[in-house]
There are 4 protein chains.
Amino acid sequence: MRRILVLFLALMLYPLSSQAQGPVKQLPGDLTLEQAQTVLNAALAKSKAQGVPMNITVVDAGGNLKAFAREDGAFLGSIDVSKKKAITARFFNMSSADLGAAAQPGKELFGIEVTNGGLVIFGGGELLVHNGVIVGAIGVSGGSVAEDTAVAKAGAAALSNAAKKKN
Amino acid sequence: MRRILVLFLALMLYPLSSQAQGPVKQLPGDLTLEQAQTVLNAALAKSKAQGVPMNITVVDAGGNLKAFAREDGAFLGSIDVSKKKAITARFFNMSSADLGAAAQPGKELFGIEVTNGGLVIFGGGELLVHNGVIVGAIGVSGGSVAEDTAVAKAGAAALSNAAKKKN
Amino acid sequence: MRRILVLFLALMLYPLSSQAQGPVKQLPGDLTLEQAQTVLNAALAKSKAQGVPMNITVVDAGGNLKAFAREDGAFLGSIDVSKKKAITARFFNMSSADLGAAAQPGKELFGIEVTNGGLVIFGGGELLVHNGVIVGAIGVSGGSVAEDTAVAKAGAAALSNAAKKKN
Amino acid sequence: MRRILVLFLALMLYPLSSQAQGPVKQLPGDLTLEQAQTVLNAALAKSKAQGVPMNITVVDAGGNLKAFAREDGAFLGSIDVSKKKAITARFFNMSSADLGAAAQPGKELFGIEVTNGGLVIFGGGELLVHNGVIVGAIGVSGGSVAEDTAVAKAGAAALSNAAKKKN
C-alpha cells in the first residue's frame, strides 16, 4: 500500500515541476539516472570482488541506453555483448538466459538471435524491476556466463533493495 | 619531469602485475575507467549547473565506448549523437566543431559526415588529452551546441586538471 | 630487463618528439606500421609456401585496421572474413578458434557470432603480442581453417620473434 | 602495338596455368597484389616525404579491397574515408574530386554521397589505369585535400610508370 502511495506522489509531482517547459520528456516511473547509477555501482562492486573486468550496460524501459561502464582490461567485444544482453532482457521481459533456453537447436525460438539487429541468448542480461514494474534491464559481459550473471544480478538486486529501503 | 616519471612507473607496473594472467589486455596509458568517470562526473556537474539534460559519451584512444550517462529527460536521439561526436573527435583528432568548420558547403571536407557510419560535424565532441597524449574523447548532446560544447569542455578539462594535480 | 628499458626509451621519445605538433596521436606501444608489415609479410610468405591464396588483415590494439593484403585469386568473400577474424581475436583476447569452441551448440557462448556486427567463430584469427602486451590481431581467410590458422600463426610469430631479436 | 601483344600473352598464359584447379579465379588483367603493392609503396614514399601520416587504400577493378596501410598517427577516421575515396573513384570512373565538383549544392549530382553506403566527394581518390584499362583505384586520407591528392596521384603514377618501363 505504501509503495502505491509513493508511486502516486511521484506521478503527481512530475507534471507540476515541468509545466513551465512544455510536456514531460520522460515517462514518470521510468528508470532515473540515479537509479541506473545505483545499479551500475552495485554491479561494479560485485565485479571487482570477482576480479574479472566487465562491460556493464543499463537500459531504461524503452530499451534505450541509460548508463555504461567498461572496466580496465575488459573485452572490447563485450561492449556490444553487454548492450545486446540488456536489450534482449528488456525486449522479451525475461533474462537472456531464459530466452537462450528457448533458442537452442531443436527448441521453439531457435534462430531468434538474428532478429533485432542481434540478440544474446546466454546469461548476463537481467530485468530491472522497481515497485513491481519493469523499468529497464542490465547486461553484463566480460567473464564466464556464471560470472556475468552474478554481476548482472547484483546490479538488479541493488534497485530492488533501494526500493525496499525507501518503502 | 615528474609526470614523465609517473608515466614510467605506471608503465613498469602494468606488464609485471599481469604476467601471471597472460598478456596485458589494455595498452598502458590508455584511458582508465577512473579517468573516464572523472570526465563523466565533471560533465554531469556542468550539465546540472546549466539545467539542460544531456547524453554524455566517453571513448578511449581506440574510439571504443568506455563510459556513458543519460540524464533524465535528455533526448533519446542524442544517445547516438553524443556517441558519434566522441568518435568524430577521436577519429580526426580535433573537436567536432573544428571538423565541422571544414565540412561546410564550399569547404574542403564537405560531405565527410556520411563516412564512418555517420559523423557529427557540429560542436560537442572534444578530445581527452593526458600527459600530452590523446587518450580518448568526450561527446555531449542534448541542448544547444553552445550548451553541449560547454559540458564537453568541462569534462575534458577535468582530466587535464587531474593530471596537473598529480604532477 | 633490457626489453623494459627499450620500451621505456621508446615511450620517453614519443611524447617529446611530437610536442611541437600538439598531442601525441597514437598511444605509445600500440602496433606500428613497421610491425604490421612484418606480420603481413611473414603471413604472405607462409601463404605462398602453402600455395592457397589468402586475405590477410592486421588490426591494432583498438581493433582498427592497420594493414591488409589480398593475394591474387583469393576469395572476395574472405576480405570481410579475414577482417572479422582479426577483430574477433582482439575483441575477446583469444584466437577465433578458442572463441569458437565456446560458441558451439550446447556451449556457453552459443550465438555470440551475431554480436559486434558479426564475429567469426572458427580458426584463423590470432592475437599479436609484443613485450607481454596485446597490441593487435591478425585475421586470415582463403583456405581451409588449418591453412588459414597456419598463416595467421606465422604472422603472429614474426612479431614475437622480432621482439626477441631486439631484446 | 607491343602493349597489345603483352596483354594477349598474359591472357593466353592465365587459363593454361590454372586449368588443373578449375576455372580461373581472378579476371586476367585485373590488379595484381604485386601492382597494388607498387602503388601502395609509391604512395607511402610520397606521404613520408610530405610528413603527414596517411591511410592508403587500394581496390581492384571490382571495387574490392586489395591492399591497405595506415601510417603511425594517421587519423582513425581516415581508414573509412580512404576506402570510400577509392570506391568512389572506381564506382564512377573519375577522381573523387571530379565527382565532388558535380555534387556541390546546386549542381547536378548534389546528394550522391549518401548512396553506396557513403561516398566521398572531395579529392584523394584516383583511378588506377594499366595499359589503357581501369584496373582499380587508390584512396588516400589523412591530411589536407591537396596532400591526400598528391599521395594518391603518386600511387597511381607508379602503376603507369611500371607499365611504361615494361613496354
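Our structure is the block above this text.
### With respect to the sheet that holds strand β1 (residues 55-60) of chain B
Step number 1: Pairing in this open sheet of 8 strands is antiparallel, and the strands run β3(A)-β4(A)-β1(A)-β2(A)-β2(B)-β1(B)-β4(B)-β3(B) from one edge to the other. Two strands in the sheet have a free side with no partner beyond their single neighbour: β3 (125-130) of chain A together with β3 (125-130) of chain B. Along the sheet, successive strands turn relative to each other by an average axial angle of 20°, direction set aside.
Step number 2: In this sheet, strand β4 (residues 133-141) of chain B lies alongside β3(B) in antiparallel orientation, the contact comprising 6 bridges.

### Some remarks on the interface of chain D and chain C
Step number 1: Listed as interface residues are 20 residues of chain D and, on the opposing side, 20 residues of chain C.
Step number 2: Around 1,700 Å² of area is buried between chain D and chain C when both sides are counted, 51% of it from carbon and sulfur atoms.
Step number 3: At the boundary of chain D with chain C, the tally comes to 4 salt bridges.
Step number 4: Arg70(D) is the partner of Asp60(C) in a salt bridge, and the nearest nitrogen-oxygen pair spans 2.8 Å.
Step number 5: Here chain D and chain C share 15 residue pairs in polar contact (both at pLDDT 80 or more) between them.
Step number 6: Looking at the side of chain D that touches chain C, the elements that each hand over two or more residues are α2 (33-50) and β2 (65-70) of chain D.

### Quick look at the relation of the copies chain A and chain B
Step number 1: Between chain A and chain B, which share one sequence, the superposing operator has a rotation angle of 180° and an axial displacement of 0.1 Å; the RMSD is 0.1 Å. The superposition of one copy onto the other is thereby described by a two-fold rotation axis. Across chain A, the smallest distance between a C-alpha and the rotation axis is recorded for Phe68(A), namely 2.4 Å.
Step number 2: Take the interface residues of chain A: 100% of them recur as interface residues in chain B, which is what a same-surface contact looks like.

Here is what the cut-offs are and how they apply
- Throughout this description, residue numbers start from 1 for each chain and increase along the sequence as written.
- By the order in which they are written, chains take letters starting at A while ligands take numbers starting at 1.
- The model is predicted, so local features are restricted to residues of pLDDT at least 70 and side-chain atom pairs to those at 80 or more, both for listing and for counting; the totals for chains, interfaces and linings are taken over all residues.
- To obtain the side-chain values, all non-hydrogen atoms of the structure were used and water was disregarded.
- We treat two strands as partners when DSSP finds at least two bridges between them.
- Strands are runs of DSSP state E lasting at least two residues, helices are runs of H or I lasting at least four, and both sets are numbered from the N terminus onward.
- Each axis is a line fitted through C-alpha atoms, taken for helices only over the stretch in contact, and angles between the N-to-C directions span 0 to 180 degrees.
- Note on contacts: a residue pair is in contact if any heavy atoms of the two residues lie within 4.5 Å.
- Here the quantity called buried area is the total loss of accessible area, with a 1.4 Å probe, experienced by two parts when brought into contact, counted for both.
- Salt bridge, as used here, is a side-chain nitrogen of Lys or Arg placed within 4 Å of a carboxyl oxygen of Asp or Glu.
- Whenever two N or O atoms come within 3.5 Å, that pair is a polar contact, provided that in protein one can donate a hydrogen and the other can accept it, and provided that, for residues adjacent in sequence, both atoms are side-chain atoms.
- Each copy is superposed on the other by least squares, with the fit set by C-alpha atoms of residues at a pLDDT of at least 70 in both.

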